[in-house]
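# Commentary on secondary and tertiary structure
Single-letter residue listing:
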Amino acid sequence: MRVQCFILITVLHWSMCAQHREFYSSTGQLIKLLGVGRDLVKNLTDYITAEEAILENLKRVLPELSAVTAGVGSADELEEHVSYPLTAYRLVRTLRSKWTTVEEILEGSPLPEFQTAVKLNSQSLPTDRDEDGIALGLLRLQDTYQLMPQSIMGRGQLGLVDVESFGPNETFHIAMIAYKHQKFSLYMSWMLETLKQLDLGPLSASLLRMDTLPMAHSFIQQLLSQDRTEIQVTLQRMYHISLQQGFLQGVDHSDIDLLTHRSSFNRTYEALCRGQGIRMASDHSFAATLNLQPPERQKRLFCRYSRGGGSVRPLYAPFKEQDEWDTPRIVRYVDLISDKEIDIIKKLSRPKLERALVMDLKTGNKFSTESRVSKSAWLPSEEDPVIDKLNRRMSDATGLDMTAAETLQVENYGIGGQYEPHFDSKLANDPDLALKGNRIATILIYMSDVRLGGSTVFPDVGAELTPQKGSAVLWYNMLRNGLEDDRTLHAACPVFVGSKWVANKWVRERGQEFRRRCSLSPTE
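Bear in mind the structure is a predicted one, so any value in this text is a computation, not a measurement.

Within the open sheet, the nine strands sit side by side as S1-S2-S3-S14-S10-S17-S8-S7-S4. Their pairing is antiparallel. Single-partner strands in this sheet number two, and they are strand S1 (303-306) and strand S4 (354-355). Pairing of S4 with strand S7 (residues 374-379) involves two bridges; the strand directions are antiparallel. Among the inter-strand pairings, Arg355 is bridged to a residue of S7, identified as Lys375. This element, helix H16 (residues 339-349), spans S7, strand S8 (408-413), strand S10 (439-446) and strand S17 (500-508) of the sheet and lies at about 100° to S7.

Right under this line is the structure:
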């Protein structure tokens, strides 16, 4: 009876999680995975106790499963726990690999029911895709924030995670994922870390046994500066072989960064994500902000109490409004949403979270891609009074009509979660364009603080917006003359440490005719 209850609980829990097969793209799903892992440990412990004589081998697996699921208490601690890249990677990898070992051990189990339940529902545990996705997230963080493996593992200047570091098997797996995605310099950094941990002797001998790599010229020069003759000879040989085989044909060597190939545009975007070079120049160009002190433009930014767009509701409780950027104008509304309302919205959206998709600008088809790593849910006004109240509050603050606005979208970002530079207004085959118009404005609500990373950046102008829980930022995607504002190209930087929750409200042109008047000026 005890074993049958265990099987029933396991099946029910796994069945509830089966709707969300992908864990790595959302910290909310990682929390669920942590709960699945904890239940597996508890139920497996009971099973081992009942069948001690035939399940001695399972006890060897139990400590490794327990190590990645223990030591966390409250819900807030759970979210913080799984937000660490190292913890998330180990959680997915351990539950994936060690539970496979459990299945192999159970081949000789005298309980067919238990064995059937495990095999049937093991598909609800992390897959190879989850394991590879977590590794790719780590590589994305390393690439964007220009880190070495030692920093990712907490042994460098960051030192954020007080957990056991990666072993050679894990660093080798990350290296192979880097190779698979043609991130060759990152592959080399993780492979060197693997060889260092294995202590296999001279690095040159190990490098010679590797596959030929299309190494970037600048990365080779970086290693050459270490004055290691054997490495110099090896990398030069690999580099010339790569050229002969055409790996680096068409690559502009003058436009290569230290860690990997990246264009000038990517360097600008990633520099903003790292918080570098963000200064407001008088000529509105990001290129001119690198060495200039903030001039008169900075003095034109203010914070104020505002009555919004003319509604009577803010008369007794004006909005806290502050300028974030002048051209294009970006405004932040502080304390627009309360912590209680945020908790309700998170609770409503968690069961609905699905992998966020992007739209093909030519065909209009939607698909998932590593350029957007998050999960999203849509919450209509009738879902809960809090949603309707928030929509009215956004209208009061901005003065915009929400009648034709899109449904509130909630997003939760996973490890290395990001959304690469994109426009909100450039939609292909938009079915609402004729009736509702384009997305005239974006209201982005921050529902969490982020310890490291996760900023919203505008690469063309150099603006960076830091997530501030409870605040919302507004910018217009359309000029007053009806044209799209190309300066509103923006991106969500990869989340390094922390959990990022946001909500998007896209306001359509319909209904704004007398709220944001048109202009005949070609520049407005």
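With that settled, the discussion passes to the sheet that holds strand S13 (residues 463-465). Spatially, four strands are ordered S9-S15-S12-S13 in an open sheet, and the strand pairing comes out antiparallel. In this open sheet, the two edge strands, each paired with only one partner strand, are strand S9 (419-422) and S13. In this sheet, adjacent strand axes meet at a mean angle of 15° when their direction is disregarded. Summarising the sheet, S9 and strand S15 (residues 490-492) pair through two bridges and their orientation is antiparallel.

Below, the discussion takes up the packing of helix H5 (residues 85-105) against helix H9 (residues 168-180). Between H5 and H9, whose axes approach to 12 Å, the crossing angle comes to 100°. As far as their axial angle goes, H9 and H5 are roughly perpendicular. Of the residues in H9, those touching H5 at Tyr89, Arg90 and Arg93 are Asn169, Glu170, His173 and Ile174. For the contact of H5 with H9, the residue count by class is two nonpolar, two polar and three charged.

All right, on to the nonpolar core then. Among the nonpolar cores identified, the biggest contains 61 residues, and Leu30, Leu139, Phe166, Ile174 and Trp190 are the most heavily contacted of them. Broken down by element, the residue count for this core peaks at ten residues, all from helix H2 (residues 27-50). Those residues in contact with Ile174 that lie beyond four places of it in its chain are Tyr89, Ala135, Leu138, Leu139, Phe166 and Trp190. Counting 31 residues, the second largest nonpolar core, distinct from the first, contains Met402, Leu408, Val410 and Val507.

Position of Ser425 among the secondary structure elements: in the loop between S9 and helix H18 (433-436). On the accessibility criterion, Ser425 (3% relative accessible area) is buried. At a separation of 3.3 Å, a polar atom in the side chain of Ser425 contacts the side chain of Glu484. Apart from residues no more than four positions distant in its own chain, Ser425 is found in contact with Asn438, Arg439, Asn477, Met478 and Glu484.

Glancing now at the pairing of strand S14 (residues 472-476). The buried fraction of S14 is high, at four of five residues. The sheet contact formed by strand S3 (residues 330-334) and S14 spans four bridges and is antiparallel. Along S14, the bridge assignment pairs Ile330 with Trp475. Alignment of S10 against S14, held across five bridges, turns out to be antiparallel. Among the inter-strand pairings, Ile445 is bridged to a residue of S14, identified as Ala472.

What counts, and where the lines are drawn
- For every chain, the first residue of the written sequence is number 1, and numbering continues from 1 onward in sequence order.
- Only residues with pLDDT of at least 70 get local features here, since the model is predicted, and only at 80 or more are side-chain atom pairs given and counted; chain-wide, interface and lining totals rely on the full set of residues.
- For side-chain calculations, the full set of non-hydrogen atoms in the structure is used, while hydrogens and water are omitted.
- DSSP bridges decide pairing: two strands pair if at least two such bridges lie between them.
- Strands here mean DSSP runs of E at least two residues long; helices mean DSSP runs of H or I at least four residues long; both are numbered from the N terminus.
- Residue contacts are counted whenever heavy atoms from the two residues lie within 4.5 Å of one another.
- Here an axis means a line fitted to C-alpha atoms, over the contact stretch when the element is a helix, while the angle between two N-to-C directions is reported on a 0 to 180 degree scale.
- Each angle is binned into one of four classes, with values under 35 degrees roughly parallel, values over 145 roughly antiparallel, values of 65 to 115 roughly perpendicular, and all other values oblique.
- Gly is placed with the polar residues, together with every amino acid not listed as nonpolar (Ala, Val, Leu, Ile, Met, Phe, Trp, Tyr, Cys and Pro) or charged (Asp, Glu, Lys and Arg).
- Take the buried residues of types Ala, Val, Leu, Ile, Met, Phe, Trp, Tyr and Cys, join any two whose side-chain atoms come within 4.5 Å, and each joined set is a nonpolar core.
- Remark: exposure states derive from per-residue accessible area (1.4 Å probe, protein chains only) relative to the maximum for the residue type, with buried under 20%, exposed over 50%, and partly exposed in between.
- Whenever a nitrogen or oxygen atom comes within 3.5 Å of another N or O atom, the pair is scored as a polar contact, on the condition that within protein one atom can donate a hydrogen and the other can accept it, and that pairs from neighbouring residues in sequence are kept only if both atoms are in side chains.

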